[in-house]
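Here's the letter readout for the chains.
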Amino acid sequence: MKKEQLKCIHCGDDCGPAPIIWNEKPFCCHGCQTVYQLLNENQMDKYYELETSPGIKIKTEQVPNEEKYAFLEIDEIKERLLDFSDSGISKVRFFIPSIHCASCIWLLENLHTLNQGIIQSSVNFPKKEVSVTFNENGISLRKLVELLASIHYVPEISQQSLEKPTKAKSDHSLLIKIGIAGFSFMNAMLYHFPQYLPGSENLETDFRLVFAWLSFFLSIPVLVYCGNDYFLSAYKSLRKKIISIDLPIALGLITLFVQSTIEIVGGHGIGYFDSLTGLVFFLLIGKWYQSKTYAALTFERNYKSYFPVAVTKVTNAGNETIPLDKLKAGDRILIRNQELIPADSTIQKGKASIDYSFVTGESIPVSKNEGDFVFAGGRQTGSAIELLVQKEVEQSYLTQLWNQDNQTEKATPPISLLINKVSQYFTVIIITIALTAGSFWYSKDIEKAVFAFTSVLIIACPCALALTIPFTFGSTIRQFGRKGLYLKNTDVIERLSKIKSIVFDKTGTITHTQSSRTEFVGNPLNSEQLRKIKSLVFHSTHPLSKIIFNTIRGNEILKVESFKEIPSLGISGKIDGKTINMGSRYFVTGEEKPEEDLRTQVWVYMNEKVAGYFQFENNYRQGLSETISNLQPNYQLHLISGDNESERENLVPLFKDHARLNFNQSPTDKLKYIQNLQLNGDTSLMIGDGLNDAGALNESKVGMVIADNIYNFTPACDAILQSDKFSSLHRFIKFSKTSMKIVWLGFLLSFLYNFVGISFAVQGSLSPIIAAILMPLSSVTVVSFATISVNFMTKKVKL
C-alpha cells in the first residue's frame, strides 16, 4: 500500500520520508518549523486559518548569516531607506516579493504582536509592499528586517532601492481629472435628462435656466482643467505644423462649449454640456485604462537592482561594513558564500568558484585562483574569498553591459503614426464639410446653417477613433496579464504583432536554470553506494553537488569523516573508513579531459576504483518542442547562447537550421547579432533571462524576459513571461495580431458612423441636440465593441 505523502503545515511542500515533527505536526524543514513555532507562541494561529499552508519555504542560500544585515546600522544607509524619522519614530517601506495571499497580509499587518517596538504596519498588496511605523527605542531597522526574514518575508533591499525616485504625479493628476469629469458628467446628465423627454417644453423657464447655468459652471473645470492636455497637445502640434488627433478633439470641445453657451445666453435651450463633460470623461477613462499596468512589476531595471547595498571592507583594524557607493579602486573586500562580486577585482586570498550564469549565460561555475581577475556580477559559491578592487562600480564590466546601447529608443508604433496622419486629413475634411454646409444653407435659412455647421463638427468628432486603440490594447494587456504575460505598455502589442524573427537565449530561457538531467555513466550504483555519494555531496556548497544531492532519493545522511572541498578540483571524505573522491576527471583519475568533450562531468572514485561519472545535460522547459513547431512555419528562429556547444546535437532537431544555432556568444556578440537582424529589416523578438541578454533585449523590436518569479530580478525589458506559460508563447504572439484586427474593425465602425452621421448633418435636419446624443453614443459603442471583442476572442482561442 502506497504511503500517503505528508504536507508541510507551514508551506504545503512534501515533507518526504523523514518529516520534522513538532507538536504532532509535520514540517519539511527546520525553517518552516521555526516560523510555525514563533507564530504559535505569539497566539497568531489565525495565519493558518485564512489560507491552507500559506507560508513560504525559504531557500538555503537565502538564510541570513549574523552579519548579512549589519549594513542597516550605517546612518547613511538608514537615512536613505527611511521614509520618515523624528523623535525616535520612523517609517519605512519594503518590497517583499513573497506576499501572495490573505494570510500574508494578516501576518504582516499584525507585526506589532511579534515585537512591541512596531507601532503599525500596512500592506499594499498590488505593489507587494509593506509599510512599517516603528519606535527605534524598541526595535532597530536592522532588527526589523531580521524579524521579517525570520518569518520568511525577506525584503528586497538593493542599491536601486536606496535611490528614492521622485513620485510621478501624472497618475494622481489623471485620477483627479477623472473624478471631476465624472462628477460633472453625472450631474449634467441629471440636469439635461428632462430636455430629452416628451413634454420638456412645459418645464418652467426658471427651472430650465437654473439647470442650464449649473451645467455651464460644471463644464468650466472640465474644459479648462480636465481637458487641458488635448488643447496643449493640439497647440504644440500646430506650432510644429503638424495636425494630430488631439486637434479635432479640441475643436469639438470648443464647438460644444461655445454653441451651448450661445443657446443659454440667447434663451434658446440649455446646451450640450452633458455631451461635453461625458466626452472628456470617456477620453480620460480611455487614457487611464491604457496606461494602467502591473504595479508590482518593474520593467526598467538597471544594474543597481542586482547590487548589494553594502560590502565588507577588509582593513588593518579589522572588517567594516561600508555603503557600496563608498567602494573605491584599491579597497580589499570580503565576499562570502552566495554573495555578489560588486566590482571588477583580483583574488587576493582564497580559491573561488564563480557562478557567472547571470552575466555570461554559462551555467557551470568557473574556478579561479589567487591573482586571477574576476568580473563584477559573478556570485561566489563556496568559502569566503578576499578581493582587491580594480575598478569602481560605475566602471565595471557589469555596468557596461547594462549601459551598452541604452540610448536606443523604440520607434513610434506605425499605427500611432497612421492615426496622426489620418487625423490631419480628417480635420481638414470635416472643417471643409462644415463650412460648405454652413455656407450652402446661410442664404436660405440662417438657423439651419448654424445647425448644419455645428452638427457636422459635433457628430464628426474623432473620439471614437481615438478610443479604439486604448480600449482594445488596454483589454488585451489585461487578458495577457491574467494568463501570465505582463507587458510594459500597450505599444508592445503592435510591435509584437509585426515581428518576423524570434531569437532565444538558451540558459534559463529554454532550459531550467536550477535543474539538469543527470545520468551516471559506468557500472550501475547500488543503493548503498548512492547513499554514500549523497552523504558526501551533502557537505559541499558546489552547485553540481546540490544537483547530485537532489537527484538521489532518500533522506538518510551517513557520517562523513575527513571531509575536504578543494576548489576547482572536487571533494573528498571517508565513510565507514573508506575514501570517496568526487570531482573533475583530473582529480579522480589523473587524466586530462579531452578538448572535444564539452559535457559537464563529475567523476566518482570509491571502493578503491573509479566507478564512473555523473553526466549533466540541460533540462528543457516543458512544451519547448510544441512551441518551436508552432512558431517555425511563420517565423525565423534563432538561438544565441553563452554556453559551449555541448547541447548542439539536442537542439538541431528542434531548430532544423545549423546556421541559426550560435554558441559561445558574449553579451556584445548577442547585441551585434540583433543589430544585424534589424539592419536587414528583420524585426525581432528577443527572449532572454539574464544580464548577458540586456543589450540584445534593449536593441530588439520586443525584448521579453522569462521569469520563474515575475517579482524577482530581471533585466530591463518590454515584457515578462511566467516560465510556466512558456508553452503558450505562440498563442500570445498570435493574439497580438488578433488585437490589431479588432483595432482596424473599430476604425471601420468609427468611419461608418461618421459617414452616416455627416450625411444627415449636412442637410441641416440634424439638430445639435441629436448630434450631441449620438456623439457619446458612438464612443460607448466603440468602447463596448473593443472590450467585448477582446474578451470573446480570448475565450475562443483559449489563450
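What counts and what doesn't
Residues numbered from 1 in each chain as written. Predicted model: local features only at pLDDT ≥ 70, side-chain atom pairs only at ≥ 80, totals over all residues. Heavy atoms only, no water. Buried < 20%, exposed > 50% of the residue type's maximum accessible area, 1.4 Å probe, protein only. Helix = DSSP H or I, 4+ residues; strand = E, 2+ residues; numbered from the N terminus. Arc of directions from axis to C-beta. Contact = heavy atoms within 4.5 Å. Salt bridge = Lys/Arg side-chain N within 4 Å of Asp/Glu carboxyl O. Pairing = 2+ DSSP bridges. Axes fitted to C-alpha atoms, helices over the stretch in contact; angles between N-to-C directions. Parallel < 35°, antiparallel > 145°, perpendicular 65-115°, else oblique. Nonpolar A, V, L, I, M, F, W, Y, C, P; charged D, E, K, R; others polar. Lys, Arg positive; Asp, Glu negative; His and termini not counted. Patch = residues over 30% accessible without salt bridge, like charges linked within 9 Å, V, L, I, M, F, W, Y side chains within 5 Å. Areas by Shrake-Rupley, 256 points an atom, 1.4 Å probe, with all protein chains shown as cover. Core = buried A, V, L, I, M, F, W, Y, C linked by side-chain atoms within 4.5 Å. Charge placed at Lys NZ, Arg CZ, Asp CG, Glu CD.

### Overview of helix α20 (residues 648–655)
Three or more residues of α20 are buried, namely Leu-651, Val-652, Leu-654 and Phe-655. End-on view of α20: buried residues confined to an arc of 165 degrees, all on one side of the axis. Among the structural elements, β17 (501–504), β23 (609–620), α19 (624–631), β24 (636–640) and β25 (661–662) are those in contact with the buried residues of α20. The first or second residue beyond α20 is Lys-656, which carries a positive phi of 70 degrees.

### Thoughts on the pattern of salt bridges
Using the criterion set out here, one finds 18 salt bridges in the structure. A salt bridge links Glu-76 to Lys-326, with the nearest nitrogen and oxygen atoms 3.9 Å apart. Linking Glu-76 in helix α3 (residues 75–81) with Lys-326 in the loop between β8 (318–323) and β9 (332–335), this pair joins segments that are 250 residues apart in sequence. Residue classification places Glu-76 among the partly exposed positions, given a relative accessible area of 30%. Two residues, Asp-718 and Arg-495, come together in a salt bridge whose shortest N-O distance is 3.2 Å. Of the two residues, Asp-718 sits in the loop between β27 (702–707) and β28 (719–722) while Arg-495 sits in helix α15 (residues 491–497), which places them 223 residues apart along the sequence. One connected set of salt bridges, linked through shared partners, spans Glu-73, Arg-142, Lys-143 and Glu-146.

### Considerations on the pairing of strand β11 (residues 352–355)
With three bridges connecting them, β11 and strand β12 (residues 366–368) associate as antiparallel partners. Each bridged residue has a counterpart across the sheet, and for Ala-352 the counterpart in β12 is Lys-368. Two elements, β11 and strand β14 (residues 379–380), share two bridges in a ladder whose sense is antiparallel. The residue bridging Asp-355 from the neighbouring strand is Arg-379, located in β14.

### Structural notes on the environment of Lys-559
Position of Lys-559 relative to the elements: it lies in the loop between α17 (543–551) and β19 (561–566). Sequence separation between Lys-559 and Leu-536 is 23 residues, and the spatial gap between their C-alpha atoms is 8.7 Å. Excluding its chain neighbours within four sequence positions, the residues that come into contact with Lys-559 are Lys-574 and Ile-575.

### With respect to the sheet that holds β24
In any sheet, the strands associate via hydrogen bonds between backbone groups, in a parallel or an antiparallel arrangement. Across the sheet, seven strands lie side by side as β16-β28-β27-β26-β17-β24-β25; this open sheet has mixed pairing. If you trace the sheet from one side to the other, it starts and ends with β16 (485–487) and β25, each paired once. Across three bridges, β16 lies against β28 in antiparallel orientation. Directly across from Leu-485, in β28, lies its bridge partner Leu-721.

### Focus: the packing of α19 against helix α23 (residues 729–761)
Running from N to C, α19 and α23 cross one another at 30 degrees; their axes reach a closest spacing of 8 Å. The angle between α19 and α23 falls in the class roughly parallel. Every residue of α23 that contacts α19 at Glu-626, Thr-627, Asn-630 and Leu-631 is listed here: Leu-729, His-730, Arg-731 and Ile-733. Here the residues of the contact of α19 with α23 sort into three nonpolar, three polar and two charged.

### Focus on the environment of Asn-619
Considering the arrangement of structural elements, one finds Asn-619 in strand β23. Of the residues examined, Asn-619 reaches a relative accessible area of 25% and is grouped as partly exposed.

### Side note on the side chain of Lys-532
Following the sequence through the fold, Lys-532 ends up in helix α16 (residues 527–537). We note that Lys-532 is buried and unpaired, the nearest opposite charge coming from Asp-576 at a distance of 4.1 Å. Setting aside residues no more than four positions away along its own chain, Lys-532 makes contact with Leu-558, Ile-575, Asp-576, Ile-580 and Met-606.

### What about a nonpolar patch on the surface?
A contiguous nonpolar patch, built from Leu-209, Trp-213, Phe-217, Ile-220, Val-224 and Val-265 and spanning about 560 Å² of accessible area, is present on the exposed surface. Looking at the nonpolar patch element by element, the count peaks at five residues for helix α7 (residues 205–226). As for its placement among the helices and strands, Val-224 is situated in helix α7. The class of Val-224 is exposed, set by a relative accessible area of 56%.

### Considerations on the sheet that holds strand β3 (residues 82–86)
The strand order across the open sheet formed by four strands is β3-β4-β6-β5, and the pairing between neighbours is antiparallel. This sheet does not close on itself; its edge strands, each paired only once, are β3 and β5 (118–124). If you compare each strand with its neighbour and ignore which way they point, the axes differ by 15 degrees on average. Across seven bridges, the pairing between strand β4 (residues 89–95) and strand β6 (residues 129–135) is antiparallel. Along β6, the bridge assignment pairs Arg-93 with Ser-131. Docked against the sheet, helix α5 (residues 141–150) engages β3, β4, β5 and β6, running at close to 40 degrees with respect to β4.

### Points about the nonpolar core
The biggest cluster of nonpolar side chains holds 50 residues, and the ones touching the most others in it are Phe-71, Leu-72 and Phe-94. Taken together, the elements giving at least two residues each to this core come down to α1 (30–41), α2 (46–50), α3, β4, α4 (102–108), β5, β6 and α5. Considering every element that reaches this core, the biggest residue donor is α5, with six residues. Those residues in contact with Phe-94 that lie beyond four places of it in its chain are Lys-128, Glu-129, Val-130, Leu-141, Leu-144, Val-145, Leu-148, Pro-155 and Ile-157. The next biggest cluster of nonpolar side chains, apart from the first, holds 44 residues, and it includes Ile-493, Ile-510, Phe-663 and Ile-706.

### Overview of a positive patch on the surface
The grouping of Lys-498, Lys-734, Lys-737 and Lys-741 at the surface amounts to a positive patch. Structurally, Lys-741 can be placed in helix α23. The exposure class assigned to Lys-741 is exposed, which follows from its relative accessible area of 59%.

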